[in-house]
Structures are given as structure tokens and as C-alpha cells.
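Fold and contact review
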Amino acid sequence: MSAIQVLPKLLGQDWSCWTCDSKPAAGVATPAADEATTGCTINSVESRTEHDDSGSNLDKAIPPCHCLTSASIEDSLDEDSVQNVISEADQRMLRVERRRWTLQREAAEQTSRKQELLELIRQTSIEHQGPPLFREAQGPANRFGSTARFPPFDKSKHVPVLALINRGSGAMAGADILAVAQKMPYYQDRFFNIIDVVRDRRRGGLMDVFRQQLNAAREEAKARGLRPRLISGGGDGTASFALYVIFAALSADPERADEGLADAGNGFIWSDEELSDFFPAIAQMPLGTANDFGANLGWGRKYPGAAALGHIQTSKRASLAEQALQQWISAVISPESHVVGFDVWGFMPAPGAEACDFKLCELGGERGWNPKVSAEGQQHLVMKTAALPVPLFACLYFSAGFSGYLVSRFQINRRRTPISNVMEYARHVAGILTETQPAELNKWLEGVTVSCAGTEYFPPRSSEGNEASRYWEVGFCNTNGKYVSGADRTPAVARVCSTREPAKFNDAKMDMYRMKPISPLKNLGLKKQTDKTEGPMTLTFSGGKGKGLFFQWDGEARFAFSPSGEAFNIHIKKILNIPVVLGPEFDVKVTGHPKSGADCNFAFCGEAAQEKEAARSRVLRCVRQELNTELNASREEILAAGFLCQEG
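This text gives an overview of the structure that appears in the document.

1. Notes on the pattern of salt bridges
Under the defined criterion, the tally for this structure stands at 35 salt bridges. The salt bridge partner of E116 is R203, with a shortest N-O separation of 2.8 Å. Residue E116 is found in helix α5 (residues 88–129), and its partner R203 is found in the loop between α9 (194–199) and α10 (206–224); the two are separated by 87 residues along the sequence. You can call E116 partly exposed: its relative accessible area is 42%. Here R218 ties to E274 by a salt bridge, and the two come within 3.5 Å at their closest N and O atoms. Residue R218 is located in helix α10, and its partner E274 is located in helix α12 (residues 272–278); the two are separated by 56 residues in the primary sequence. A relative accessible area of 12% means that R218 is categorised as buried.

As C-alpha cells, then:
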């Protein structure tokens, strides 16, 4: 039996000639030797090679067309029997045909999957562009007016832009801005609710839609020699969140390689060159309480139009707010706005370690003045399992001690308006200073040591008996904030009579500081005395079992501890250089001169290739959610460490 006669049995297809695809005439049996029932005229190896589209070299070893030379055999033979009687050449031909058929089937399935994905994305896009019905039906009118519009986007003049906005920020100002975007043809495709994007990571979901638009923005920017831009709208923590979403959208997925998620060789779907040239430059829309990130980049401390909403004439408020919003958006999409580099610091395993040696949880308890509970004659904190995000990107600042505890208490008492949040902060400052110390905390920073670039930094003058317990906070600034800012350390007289160098976000330096309870009095204000140092920074805590340390970064707070009670290390170093867009209000003292030639490309950072690879790997582990298990403690681990833990 020839392979031609075997193919229908093995492939489940109607018989046809392997070389010429001709079929038997109606009612004619499968061809036998010396029968030309199909009309095939191919009789040479050369002519058969011309007809073969399999791409295989095996055709050179296969004899002339089997339409003329195949031998007859009983159709009732099973596959095992067939393999024993057909020739070696026929078996080779059978393998080639099976391979060709398999590739054809896979191609058809791949085409079907692509069509299915495009339809899912189309449906999700339609839902994404739809009006926020619940907001219009139940919420107040849009503060920018029912007819508010963004400036028309001209693809030949403006820089391609996307937006990731927290709709609940700014007392729902984020929702109003998204509602305006949904009325505009260009912006309705490019503006996203950042929470919805993170939650909808299903195939064909909103993360896929965002990825599609991000790729489109890259191609538009590439055609004009520009870098696309992305608006991060929310509080200070939204900047880190937006970075997470960008990396999540660009991370490769081997299981979906045929759907545009193939690995470019670095774990991402963009090559290193594409990341460097087209990673979107961040413009921060200030929708939070302090809005340090937006202020440092020159985009203001209040959302666009906030000042206009205080106008005495109600009829003019919406109009003035709309004008301010249009001016803000116009500045973002203008090619005249400057793009500069920005240092991003990251939480990394200590040198020589594969993973961090601490676990994280959050402060739990009831809302109110005091979150502590009484047990066994002591005041105790109640913990809960930590939510997302896990700490990786530190864009603005980091501190351990007082501020970490303060932000933790604030997180369970957050209010709806900025002014209410400021009052909430003040209330808990008073509470911390007057309440009994909880059992889970040491006296201020007792048990804490800090080194920078291998040099001891904290506690200072420890050899002279200076103790860490005299200080209530240690950390570093990457930017100058409303409540967390710094300038170079100088004597008291110089602080008044001279201009000090502020913290800068693009000098690759950590502006380290340490504070005592009386430091604000000595420093003549909240501005901290800082020491510019080379990274990395390593904070070590030795408190024993049942003890831990509050820390905060970019407005997010966590409680770090060792389940075994052993000493643990919080290691932070520069891991990224990202591009950012400067707003009209930028200060050269803080940003440096925008045309200084400083690197504004995207890059993973490190002194050696191994360190850059470690940063890249850490980012990929984060977006794959592998750091959740490494860092966030389970309820069982929290209880085993000796802490109270709330249910749920």
C-alpha cells in the first residue's frame, strides 16, 4: 500500500494526490499500480519538487507520483499493519504530509483565535467607551460642565498620549475627567480607569485593550520621531501604579505568543531599543492630597480647574474649570513640553540573597481615633493581610518609623475630600504623640541601623553612645514634597541666610535624612536636613519576635516583620531611569535645566550587567504577581509571629 492510500485513514480527510492535489473521479476507487484514474501527469522527481509546498527537503528522496505507481491493498488493514507493508519512501512522504496537514490545522486554529481575540477586544472597547451611567444617574453633575470638551487632538501636530486615571481620586474629579474624555473620538480610546485595567486581565479584557492602544501610540510616535506620553491621574502612589500597569501590558506571555505577546528576548514584547526610545513619558495629574509628584514635575498641587471651582459666581465655575482643564491637556500633548529623566528606586533583595527576608502586613482595626485594643494589660495593634501593591517602585520618598505608622493609621481612616484628609492626618499625629506605645513597636527606631553604599549612616555617632531610640524617623527623599522635603545639611545660621541645594529627582543620589521629635524646631520648619549619598541603602531591623517596623513609600504604608524574629533587611537601590514630562510650572532648581542633555531614555539601572538583569527580573516577577507570595504574609504567618490578626 502506498502512503497516498494510507492518508485518508490517518488524517481523516478525503483522498487526494499528495503531489498534485487531484482527486479521484466520482465513483472511481483509490488508484492502484499503473492506473491513472486521477489524471495526474507528474512522473519525475524534478516535477514533483515543483509541486511540493511542504518546505521539506525529503521530497528529493521520494519516487515519482503515486497516482501512477501505488500498489493496491485491502482497505481493511489497520494503521499498525500499514506501517509494516508500505515502503520507507512512502513512510517519509507520510511524515511530510502529516506535518503539512498539522501546520495547516494550526494555522487555521491560529487565525480563528486571532479573530476571536479581535472580537473580544472590540466588545471590551465598546464597553470601555460607553458612558458612566451610574455616575450620571446617581452622582452630582460634572464639575467641568455637561458640555465640557478636551482640546481637539491633531495627529499631525500633537504627541500621542494615553491616560491611566483613578476615577475616585480628587473627590471623584477623576471620574469627571474620564467622562469628558468619553465624549471625544481620540481620547475615548486612550483614557482608562486604572483600577478597571488592573482588574480586567482576562483574554480580550481591558488590559488587552490598553496594550493595543499603547502599541498604536508607539507606532504613531515612531512615525514622527517622538516619544508617546501617558497621564497618570491620582495621588502620589498612582505614579508607581501606572508604571506597574505599563510593565504588565508589555510583559510577554509564551502561551499567547501568536497573539502579539511573544518574548522579544528580554521578557517583554518590546525590544530593549523600543523600550529605550518609546517607553511613555509620564505626566502626573494631581488628584490626591499632597500631590508631591505633580508639583515636582510642574503640573501643580491641585487638579486642573480646582481653583476655578471656588469662583464666587456659580455660572462661571464650570466654564473656568473647563478652560483650565483644556490648558492642562494642551500642555501634555504639546511637543514643546520638555521631557527629562527621573530616578526610580526599588525594593530589592539584599546583596547575595534571592528574595527579601521579611514579610509584610497592614494595620487593621476599627476606624477612629485609636486603632489599638487592650489585651493582657497591654495596648496591642491589630494587623491584617496586606493588599496590593507590593513595594517595588519608590518614586518620591521612603521612611521608616513615625511617618510609616501615621500613614498606616490614615489608611483605615481615609476621607473623601483633600481637606478632610489633612484634618485626619493632624488628628493622628496628635494621637501618636499622646497615646501609649503599642507592644508591637520598639521605642521609636530602637533596633534600626542604616548603611548607604556600605557606609554606616544611622544611628550617627553610634560609637559615642548615640542611640537609635532617640530618633523617630529615618529615610530618603527623591523629590521635594509638601510634607516630606529636604535640602543639604548646613549649620542653623546658614539655613536662614543661604540657599541650599534641594533634593533632585534626576541626580542618581539618595537625599538621606534622620529626625528626632525636636528636629522641626531645630530645622526651623518641616524641611529636613539631608545628606546626598550614593545608593544603595540597607535598613536592618533587629527587634526580636513579636516586634516589627512601620515604613511608607510614596504614600503607601506597610508593617515589616520577621516571622522567626531574626534580623531582616530592607534594601533599596536605583533600578530604573524613566522619562517624565515637565509641566508649565516646573522649577529649574528641582528639575535641573531641561536642555542639560541629561539622559531621558528608559533604562534598567545598575553598575554591572548583572545588576541591570536583577532589576529587570524583579520587575517581571512583580507584574507576574510572584512578589505577592514572597512579600505578603498570610494570616497564619501573622498569627505565628505573635501578632493579633483580624478576620477576612
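Still to come is the rest of the account.
2. As for the environment of M383
Within the secondary structure, M383 sits in strand β9 (residues 382–385). For the pair formed by M383 and Q646, sequence separation is 263 residues and the distance between their alpha carbons is 6.2 Å. Discounting chain neighbours no more than four positions away, the residues touching M383 are C361, E362, L363, G364, F550, F559, I638, F643, L644, C645 and Q646.

3. With respect to a nonpolar patch on the surface
A surface patch of nonpolar side chains, about 300 Å² in accessible area, is lined by I419, V422 and M423. Turning to its location among the elements, V422 is positioned in helix α16 (residues 418–434). Owing to a relative accessible area of 31%, V422 belongs among the partly exposed residues under this scheme.

4. Points about the sheet that holds strand β19 (residues 549–553)
Taken together, the 10 strands give an open sheet; going across it, the order is β15-β17-β16-β14-β11-β19-β20-β6-β9-β23, and neighbouring strands pair in mixed fashion. Looking at which strands have only one partner, the edges of the open sheet turn out to be β15 (486–488) and β23 (644–645). Relative to β9, strand β6 (residues 359–363) is paired through 3 bridges, and the arrangement is antiparallel. For C361, the partnering residue across the bridge sits in β9 and is T385.

Definitions and cut-offs
- Residues numbered from 1 in each chain as written.
- Predicted model: local features only at pLDDT ≥ 70, side-chain atom pairs only at ≥ 80, totals over all residues.
- Heavy atoms only, no water.
- Salt bridge = Lys/Arg side-chain N within 4 Å of Asp/Glu carboxyl O.
- Helix = DSSP H or I, 4+ residues; strand = E, 2+ residues; numbered from the N terminus.
- Buried < 20%, exposed > 50% of the residue type's maximum accessible area, 1.4 Å probe, protein only.
- Contact = heavy atoms within 4.5 Å.
- Patch = residues over 30% accessible without salt bridge, like charges linked within 9 Å, V, L, I, M, F, W, Y side chains within 5 Å.
- Areas by Shrake-Rupley, 256 points an atom, 1.4 Å probe, with all protein chains shown as cover.
- Pairing = 2+ DSSP bridges.

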